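Here is what each chain is made of, one letter per residue.
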Amino acid sequence: MSAMSRAIRACAATASRRNLSVAAASPQEASAAAATAALVAGRRGGSWDRGEDGSRVQWVFLGCPGVGKGTYAGRLSRMLGVPHIATGDLVRDALASQGPLSKQLAEIVNHGKLVSDEIIINLLSKRLEEGEENGELGFILDGFPRTIRQAEILEGVTDIDLVINLKLREEALLAKCIGRRKCSQCGGNFNVASIDIEGENGGPRMYMPPLLPPAECESKLITRADDTEEVVKERLRVYHDLCEPVEEFYRARGKLLEFNLPGGIPESWPKLLQALNIGDPDNKRSAAA
Ligand SMILES: Nc1ncnc2c1ncn2[C@@H]1O[C@H](COP(=O)(O)OP(=O)(O)O)[C@@H](O)[C@H]1O
């Protein structure tokens with residue numbers, strides 16, 4: 001068992017024994033913009049590349065359902081050579097496994113609720129153990145932590161370098177979730193939604209074209225059971241109630257990088273790299289993404 005997964009399990013057990021109540025973090029005095037600038041500037045001179053031992057990248061992605069955490073975390077993980085660990089994927093794998101946990105999880109996930117911290121910690125610890133056995137170092141977490149208690153547990157066992165908080169206008173989130181499709185054969189992710197929203201307060205219009213599947217995938221597309229309008233609305237409500245405080249948790253610790261997605265992938269990806277101060281002088285890495 002890896003040191004980190006062991007520590008997560010131990011910390012979670014202690015927290016549940018003590019019924020850990022987490023003190024609210026003190027608000028940071030500096031403005032969010034100044035904190036973000038300092039955060040990125042702190043990494044200038046070095047780059048975000050993994051260190052020689054590959055262990056430097058320990059990042060977390062936060063953001064509402066449909067914002068694109070999986071897309072951007074996946075791209076960065078391929079670019080930086082660190083595993084992308086999405087707790088939503090771990091939950092869906094457990095759901096598909098038809099094991100004893102599967103029925104219990106379906107009830108929760110298909111109603112847009114959060115799985116208990118204990119179940120998530122167990123799934124994550126198992127995934128980290130497997131990674132350790134395969135020599136993985138570093139990680140980009142996507143969808144974890146999602147509650148203050150999960151954030152406290154993670155903070156207690158390892159140092160998170162950076163938390164990227166992706167933001168997108170609420171009108172786009174619902175449409176993006178409902179438009180999501182996956183090819184059941186090749187596993188490719190697509191989106192049939194065409195989003196075109198008027199600019200706010202004189203700001204630019206937001207256009208996100210659909211990401212359509214190639215002809216060979218068209219008949220094999222599946223939709224996630226929790227991507228119905230009713231369930232997405234519940235997931236958004238749960239996010240605002242339980243997950244938004246996690247943003248504040250990291251903001252107060254000076255780790256939060258806020259990133260407003262300006263549009264679709266072609267427009268947003270280079271700007272995200274820029275915000276992360278990831279140089280790409282010879283374009284080799286862009287090709288890998
Ligand atoms: N860290 C977590 N804590 C509790 N439940 C989780 C966590 N991560 C994933 N889940 C469960 O898996 C579902 C799907 O997660 P995910 O794919 O990350 O969805 P989303 O698109 O809402 O961000 C969530 O709605 C929730 O039920």
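Predicted model only: the values in this text are computed from it and were never measured.

Reading the values: rules and limits
- Residues numbered from 1 in each chain as written.
- Predicted model: local features only at pLDDT ≥ 70, side-chain atom pairs only at ≥ 80, totals over all residues.
- Heavy atoms only, no water.
- Phe/Tyr/Trp six-rings, centres within 6.5 Å; stacked < 30°, edge-to-face > 60°.
- Helix = DSSP H or I, 4+ residues; strand = E, 2+ residues; numbered from the N terminus.
- Buried < 20%, exposed > 50% of the residue type's maximum accessible area, 1.4 Å probe, protein only.
- Pairing = 2+ DSSP bridges.
- Lys, Arg positive; Asp, Glu negative; His and termini not counted.
- Salt bridge = Lys/Arg side-chain N within 4 Å of Asp/Glu carboxyl O.
- Polar contact = N/O pair within 3.5 Å; in protein donor to acceptor, adjacent residues only side chain to side chain.
- Contact = heavy atoms within 4.5 Å.
- Axes fitted to C-alpha atoms, helices over the stretch in contact; angles between N-to-C directions.
- Near = heavy atom within 4 Å.
- Nonpolar A, V, L, I, M, F, W, Y, C, P; charged D, E, K, R; others polar.
- Core = buried A, V, L, I, M, F, W, Y, C linked by side-chain atoms within 4.5 Å.
- Expected span 1.5 Å × (residues − 1).

Student: I'd like a description of the packing of aromatic side chains, backed by residues and values.
Tutor: The geometry of an aromatic ring pair is captured by the separation of the ring centres together with the interplanar angle, meaning the angle of the planes. Summed over all chains, the structure comprises 2 aromatic pairs. Aromatic side chains Tyr-72 and Trp-269 sit 6.4 Å apart centroid to centroid with 25° between the ring planes, which places their arrangement in the stacked category. With Tyr-72 in helix H3 (residues 69–80) and Trp-269 in helix H10 (residues 265–275), this residue pair connects regions lying 197 residues apart in the sequence. Taken individually, Tyr-72 and Trp-269 each receive the classification buried, so the pair is uniform in this respect. Between Phe-249 and Tyr-250, the ring centres sit 5.0 Å apart and the planes meet at 85°, which makes this aromatic pair edge-to-face. Like Tyr-250, Phe-249 is buried.

Student: Outline the pairing of strand S1 (residues 58–62), listing residues and values.
Tutor: Taking burial as the measure, the 5 residues of S1 include 5 buried ones, the bulk of the element. Burial along S1 is two-sided: the residues Gln-58, Val-60 and Leu-62 and Trp-59 and Phe-61 are all buried. Sheet analysis places S1 next to strand S3 (residues 139–142), joined by 4 bridges and oriented parallel. Looking at S3, one finds that Phe-61 is bridged to Asp-142.

Student: So what's going on with the side chain of Asp-142? Residues and values would help.
Tutor: Here Asp-142 shows up in strand S3. An unpaired buried charge is present at Asp-142: no salt bridge exists, and Lys-69, the closest side chain of opposite charge, is 4.9 Å distant. Engagement of the side chain of Asp-142 in a polar contact is seen with the side chain of His-84, the distance being 2.9 Å. Once residues lying within four places of it in the same chain are set aside, the contact partners of Asp-142 are Phe-61, Lys-69, Gly-70, Ala-73, His-84, Ile-85, Ala-86 and Thr-87.

Student: Which residues make up the sheet that holds S3, and what are the values?
Tutor: Judged by pairing direction, the sheet is parallel, and its 5 strands sit side by side in the order S2-S3-S1-S4-S10 without closing on themselves. The open sheet is flanked by strand S2 (84–86) and strand S10 (256–260), the only strands paired with a single partner. Neighbour-to-neighbour, the strand axes of the sheet open up by a mean angle of 20°, direction not taken into account.

Student: Lay out the site of the ligand with the relevant residues and their values.
Tutor: Near the ligand, the surroundings consist of 18 residues, among which Lys-69, Thr-87, Lys-113, Gly-143 and Arg-235 are the closest. One of the side-chain nitrogen or oxygen atoms of Lys-69 is found 2.8 Å away from an oxygen atom of the ligand. One of the side-chain nitrogen or oxygen atoms of Arg-92 is found 2.9 Å away from an oxygen atom of the ligand. For the shell around the ligand, the element with the highest residue contribution is helix H4 (residues 87–96), accounting for 4 residues. When its residues are assigned to classes, the shell around the ligand shows 7 nonpolar, 4 polar and 7 charged.

Student: Kindly report on the nonpolar core, identifying the contributing residues and their values.
Tutor: Membership of the largest hydrophobic core comes to 67 residues, with the highest contact counts inside it found for Trp-59, Leu-76, Ile-164, Tyr-250 and Leu-276. Ranked by residues supplied to this core, first place goes to helix H9 (residues 229–252) with 7 residues.

Student: Describe helix H6 (residues 117–133), and please don't skip the residues or the numbers.
Tutor: For H6, spanning 17 residues, the distance from its first C-alpha to its last is 24 Å, which sits close to the expected 24 Å at 1.5 Å a residue. Looking only at H6, the buried set comprises Asp-117, Ile-119, Ile-120, Ile-121, Leu-123, Leu-124, Ser-125, Arg-127, Leu-128, Glu-129 and Gly-131. Gly-135 sits one or two residues past H6 and shows a positive phi near 80°.

Student: Can you lay out the environment of Leu-242 for me, pointing to particular residues and giving the numbers?
Tutor: Inspection of the secondary structure puts Leu-242 in helix H9. Not counting the four nearest positions on each side in its chain, Leu-242 is found in contact with Leu-114, Arg-146 and Thr-147.

Student: Which residues make up the pattern of salt bridges, and what are the values?
Tutor: Taken as a whole and assessed by the stated rule, the structure comprises 22 salt bridges. A salt bridge links Arg-180 to Asp-227; the shortest N-O distance between them is 3.0 Å. A residue pair is termed long-range when its members are at least 10 positions apart, and Arg-180 in strand S5 (residues 180–183) and Asp-227 in the loop between strand S9 (221–222) and H9 qualify at 47 residues. Judged by relative accessible area, which is 24%, Arg-180 ranks as partly exposed. Residue classification places Asp-227 among the buried residues on the basis of a relative accessible area of 3%.

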